[in-house]
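# Coordinate inspection notes
Read off the chains here:
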Amino acid sequence: MTNIRLTAFKWVPPLAQGLVRDLRVRWALEEAGLPYEEKLLDFGDQNKPEHRAVQPFGQVPVYEEDGLTLFESGSIVMHIGEKSPVLLPVEPGARARVRTWMIAALSSVEPHVQTLVTIDLFFAKEEWAPLRRPSALAAAQTRLNAVAAALAEREYLEKQFSGADVLMTSVLRMLRHTTVVSDIPVLAAYQARCEARPAFKRALADQLAPFQRYAPVAA
Ligand SMILES: N[C@@H](CCC(=O)N[C@@H](CS)C(=O)NCC(=O)O)C(=O)O
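In this report, the structure presented in the accompanying data block is examined. Nothing here was measured: the structure is a model prediction, and the numbers come from that model.

The end-to-end C-alpha distance of helix H8 (residues 198–213), which contains 16 residues, comes to 23 Å, matching closely the 22 Å that a straight helix rising 1.5 Å per residue would cover. When H8 is considered as a whole, its buried residues turn out to be Ala199, Phe200, Ala203, Leu204, Gln207, Pro210 and Phe211. Among the structural elements, strand E1 (4–9), helix H1 (22–32), strand E2 (37–41), helix H6 (163–173) and helix H7 (185–195) are those in contact with the buried residues of H8.

This is the structure:
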């Protein structure tokens, strides 16, 4: 019996498979050794009032635990971190630094990465896309080079693997349709190191499993 329930999508198109933000939460739960149940949303369910009541923007993930309901993947990973020193170290200074890198992943790096992803995956055919893309790419690269500089002398964002690496790696994964990460060897090695963790592999397999099960049948 588990008291944790994670809301995710039943199916998403291949371009989003392995990237949907419930993966961050699954990964954190696996690292913490916490079992959970899934609640899988059908297409359109995210806009129903019952889902909007728990996720105001009609998105996933949603995390439920003993009457506590959370949205925002970063907040959820921080909450799970409170239960596991693998995600949030015990020493107060290290704990604060991990939180700092978690926020950095989500507020200093992800927005630039998301801008590039949005142009490439959703607006590539727009007349303005070739004009906007170079500056979006440059902004993402500037932030990623700064992360690479921080990682030059160490394997993880803090001394040991933490929830900050869950979030930063998840952000780097969003660029899988480009060579932006592989062009920065320190970052590529860091992403590979984090993704080699058994907890990540289990989380990814668990996100992908329903997508196989519920894949639309071609007419
Ligand atoms: N800041 C939110 C973003 C959540 C988000 O963008 N979720 C996407 C899937 S990765 C979603 O549900 N998209 C469907 C929609 O926006 O309608 C978080 O980190 O939880």
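We are not done yet, so read on.
Further remarks concern the site of the ligand. Taken together, Phe9, Val20, Arg21, Gly58, Gln59, Val60, Pro61, Glu72 and Ser73 make up all the residues around the ligand. The side chain of Arg21 places a nitrogen or oxygen atom 3.3 Å from an oxygen atom of the ligand. A distance of 2.7 Å separates a nitrogen atom of the ligand from a polar atom in the side chain of Glu72. Calculation on the ligand without its partners gives an accessible area of 500 Å², and the protein chains cover 71% of this total. The residue makeup of the shell around the ligand, split by class, is four nonpolar, three polar and two charged.

What follows deals with the nonpolar core. One finds Trp27, Tyr63, Ile80, Leu144, Leu175, Leu187 and Tyr190 to be the most contacted residues of the largest nonpolar core, which totals 52 residues. Mapped by element, the contributors of at least two residues to this core are E1, H1, helix H3 (73–81), helix H4 (92–122), helix H5 (129–150), H6, H7 and H8. With eight residues, the single largest contributor to this core is H4. Residue-level mapping places this core at the junction of two domains, with at least three residues from each of domain 1 (4–85 + 199–213) and domain 2 (92–197). If you look at the next biggest cluster of nonpolar residues, it comprises six residues, including Phe9, Val12, Val20 and Phe211.

Further remarks concern the side chain of His51. Tracing the chain through its elements places His51 in helix H2 (residues 49–52). Taking relative accessible area as the criterion, His51 reaches 4% and is therefore assigned buried. His51 has contacts with Thr7, Leu41, Asp45, Gln46, Gly58, Gln59 and Val62, leaving out every residue within four places of it along the chain.

Note the cis peptide between Val60 and Pro61, where omega equals 5 degrees. Relative to the assigned elements, Pro61 resides in the loop between H2 and strand E3 (62–65). Located in the positive-phi region is Asp66, a residue other than glycine, with phi close to 50 degrees. Accessibility expressed as a relative area gives 61% for Asp66, which makes it exposed. Although it is not a glycine, Glu72 sits at a positive phi angle of roughly 75 degrees.

Calculation rules
One numbering rule holds for all chains: residues counted from 1, following each sequence as written. Since the coordinates come from a predicted model, pLDDT governs what is reported: local features require at least 70, and pairs of side-chain atoms require 80 or more to be given and counted, while whole-chain, interface and lining totals use all residues. Only heavy atoms go into the side-chain values, all of them from the structure, while hydrogens and water stay out. Only runs of H or I of at least four residues qualify as helices and only runs of E of at least two qualify as strands under DSSP, and these elements are numbered from the N terminus. One less than the number of residues in a helix, times 1.5 Å, gives the span that helix is expected to have. Working definition: with a 1.4 Å probe on protein chains only, accessible area under 20% of the residue-type maximum means buried, over 50% means exposed, and in between means partly exposed. Any two residues whose heavy atoms approach within 4.5 Å at even a single point are treated as in contact. In this text, near means that some heavy atom of the residue lies within 4 Å of the molecule or strand in question. For the purposes of these results, a polar contact is taken to be a pair of N or O atoms within 3.5 Å, where, inside protein, one atom must be able to donate a hydrogen and its partner to accept one; residues adjacent in sequence count only when each atom of the pair is a side-chain atom. Under the convention used here, a 1.4 Å probe and the Shrake-Rupley method define accessible areas, while residue burial counts only the protein chains that appear. Ten residues, namely Ala, Val, Leu, Ile, Met, Phe, Trp, Tyr, Cys and Pro, are considered nonpolar, four, namely Asp, Glu, Lys and Arg, are considered charged, and the remaining ones, Gly among them, are considered polar. Within this scheme, the nonpolar core is defined by two criteria: the residues are buried Ala, Val, Leu, Ile, Met, Phe, Trp, Tyr or Cys, and they are joined through side-chain atoms within 4.5 Å. Segment limits for the domains were obtained from an automatic or database-derived domain assignment.

These values are about where atoms sit, not about what they do.
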